[in-house]
Amino acid sequence: MHIDIITCLPRLLDGPFSDSILKRAQDKNLVSITVHDLRDYSTHKHKSVDDYAFGGGAGMVMTIEPIDNCISHLKATRQYDEVIYMSPDGTLLTQSLANKLSLYQNLIILCGHYKGVDERVREHLVTAEISIGDYVLSGGELAAAVLSDSIIRLIPGVLSDESSAMTDSFQDGLVAPPVYTRPAIYKGWKVPDVLLSGHESNVEKWRHEKAVERTKKKRPGLFKGD
Ligand code: SAH
C-alpha cells in the first residue's frame, strides 16, 4: 500500500510513522508513506496556502489551487482508490471502515487547517471524507495519523502475530476481553485461575464470556446478541 499525505504542516507527521509498528511496516516494504508539503505546490510568492473567507467572518480558508496542483501531480504518477479529506463532519472512522480501506493500494489523505478547505475541494477533488470523532482538532494531521495507523496495522504481515489484529476490539462486534501477564499475583491481586489452567477451550470460553459481558456493559450499542 502507498499513502500520500498532503499537509501544510509536514513536521506534525514526523513522529507517528517513525517508530514501532508503523516504522517496521515501512521497513518491511508493506507500506510506503510520503508526506507532501502543500506550500511546495503554491504559486503564490509567499507560498501561502490560505486566504480570507468570502463573505467575511473569522478564520482563514485553505485555497483550492495548491491542493489541486498537488493532487494532480500525484494522480499523474499513480491511480488512487480514494482521495480522503479529514473532516469533523465526515464519515465516522470505525473498525469496519479501516478494514475496508486496508484492502486498497493507493490512498491520498488531505489534512485541513484553519477553517478548513475551500468547499470546491470537497465538491470536485476528494472522493471520501472521514472524521475520527465528534470533536474538532486544530488540524487534520493527527487525524490522518490515526486513520493511517488503523489501516496499516491491518495489512497482512504488519503485526508479527497476524491473528492479534483479528482478536482486537470491534472485529467481531465485541470489545476485547481483559488480558493479564506476569506476575500471577501482585499485591494480593490475582489473575483469574482459568487463565493459568492451561485448558485452552476453557480459556477461549472465558474470553468470549468476558468480551460479551464487557460489550454489554461498556458498548451496549455494539452488542448484537449472544
Ligand atoms: N471549521 C471546521 C473545523 C476546521 S478544523 C468545522 O467546524 O467543521 C481544521 C481541520 O482539522 C479540518 O479541516 C480537518 O482537516 C481537521 N479536523 C478537525 N477535527 C477533525 C476530526 N474530528 N476528524 C478529522 N479531521 C478533523
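Reading guide: rules and limits
- Residues numbered from 1 in each chain as written.
- Predicted model: local features only at pLDDT ≥ 70, side-chain atom pairs only at ≥ 80, totals over all residues.
- Heavy atoms only, no water.
- Pairing = 2+ DSSP bridges.
- Helix = DSSP H or I, 4+ residues; strand = E, 2+ residues; numbered from the N terminus.
- Right-handed = clockwise from strand over helix to strand, strands pointing away.
- Disulfide = S-S within 2.5 Å.
- Buried < 20%, exposed > 50% of the residue type's maximum accessible area, 1.4 Å probe, protein only.
- pLDDT = per-residue confidence, 0-100.
- Polar contact = N/O pair within 3.5 Å; in protein donor to acceptor, adjacent residues only side chain to side chain.
- Contact = heavy atoms within 4.5 Å.
- Near = heavy atom within 4 Å.
- Nonpolar A, V, L, I, M, F, W, Y, C, P; charged D, E, K, R; others polar.
- Salt bridge = Lys/Arg side-chain N within 4 Å of Asp/Glu carboxyl O.
- Axes fitted to C-alpha atoms, helices over the stretch in contact; angles between N-to-C directions.
- Core = buried A, V, L, I, M, F, W, Y, C linked by side-chain atoms within 4.5 Å.
- Expected span 1.5 Å × (residues − 1).

Quick notes on the pairing of strand S5 (residues 82-92)
Logical step 1: Sheet topology note: the S5/strand S6 (residues 106-110) ladder contains four bridges and is parallel. Bridged to Val83 within S6 is Ile108.
Logical step 2: Following the backbone out of S5, through helix H3 (residues 95-101) and into the adjacent parallel S6, one traces a crossover that is right-handed.

Some remarks on the state of the cysteines
Logical step 1: Enumeration over the complete set of coordinates arrives at zero disulfides.
Logical step 2: No disulfide involves Cys70; its sulfur sits 11 Å from that of Cys111, the nearest cysteine.
Logical step 3: The thiol sulfur of Cys111 is not disulfide-bonded, and the nearest other cysteine sulfur, from Cys8, lies at 8.3 Å.
Logical step 4: Judged by relative accessible area, which is 0%, Cys111 ranks as buried.

Brief notes about the confidence of the model for the protein chain
Atomic detail in the predicted coordinates should be set aside for any region of low pLDDT.
Logical step 1: Looking at the protein chain as a whole, its pLDDT mean stands at 96, while 99% of the residues score no less than 70.
Logical step 2: When mean pLDDT is compared element by element in the protein chain, S6 scores highest at 99, while helix H6 (residues 163-166) scores lowest at 80.

Quick look at the pairing of strand S2 (residues 32-37)
Logical step 1: With six bridges connecting them, strand S1 (residues 2-7) and S2 associate as parallel partners. Note on S2: the bridge partner recorded for His2 is Ser32.
Logical step 2: The β-α-β motif built from S1, the intervening helix H1 (residues 20-27) and the parallel element S2 has right-handed crossover chirality.

Section: the side chain of Ser131
Logical step 1: Among the secondary structure elements, Ser131 is positioned in strand S7 (residues 128-131).
Logical step 2: Polar side-chain contacts of Ser131 include one of 3.3 Å to the backbone oxygen of Pro88.
Logical step 3: Those residues in contact with Ser131 that lie beyond four places of it in its chain are Ser87, Pro88, Gly90, Thr91, Leu92 and Leu93.

Regarding the site of the ligand
Logical step 1: As a structural note, the neighbourhood of the ligand is formed by 20 residues, with Tyr85, Met86, Gly112, Tyr135 and Leu137 the closest of them.
Logical step 2: Here Ser87 contributes a backbone N or O atom positioned 3.4 Å from a nitrogen atom of the ligand.
Logical step 3: The contact in question runs from a nitrogen atom of the ligand to an N or O atom on the backbone of Leu137, over 2.9 Å.
Logical step 4: Mapped by element, the contributors of at least two residues to the shell around the ligand are S5 and S7.
Logical step 5: Sorting elements by how many residues they give to the shell around the ligand places S5 first, with four residues.
Logical step 6: Considering only residue class, the shell around the ligand consists of ten nonpolar, nine polar and one charged.

Brief notes about the pattern of salt bridges
Logical step 1: Going through the model one piece at a time under the given rule, you end up with eight salt bridges.
Logical step 2: Ionic pairing is found between Arg122 and Asp89, a salt bridge with its closest N-O pair at 2.7 Å. In this pair, Arg122 is assigned in helix H4 (residues 119-124) and Asp89 in strand S5, connecting sequence segments 33 residues apart.
Logical step 3: For Arg122, a relative accessible area of 17% gives the class buried.
Logical step 4: The network of salt bridges with common partners includes Asp89, Arg122 and Glu129.

A short note on the sheet that holds S7
Logical step 1: Pairing in this open sheet of five strands is parallel, and the strands run S2-S1-S6-S5-S7 from one edge to the other. Of all the strands in the sheet, the pair left with one neighbour each is S2 and S7. Neighbour-to-neighbour, the strand axes of this sheet turn through a mean angle of 30 degrees, independent of strand direction.
Logical step 2: Helix H2 (residues 64-75) contacts S1, S2, S5 and S6 of the sheet and is inclined by roughly 165 degrees relative to S1.

A look at the nonpolar core
Logical step 1: Core analysis: the largest hydrophobic core is formed by 31 residues, its most contacted members being Ile5 and Leu147.
Logical step 2: Contributions of two or more residues to this core are made by S1, H1, S5, H3, S6, S7 and helix H5 (141-152).
Logical step 3: When residues of this core are assigned to their parent elements, the largest contribution, six residues, is made by H5.
Logical step 4: Those residues in contact with Leu147 that sit more than four places away from it in its chain are Ile84, Met86, Leu93, Leu101, Ile109 and Ile130.

Section: helix H8 (residues 200-218)
Logical step 1: Between the first and last C-alpha of H8 there are 26 Å, a value that for 19 residues agrees with the 27 Å anticipated at 1.5 Å per step.
Logical step 2: Lining the buried residues of H8 we find helix H7 (193-196).

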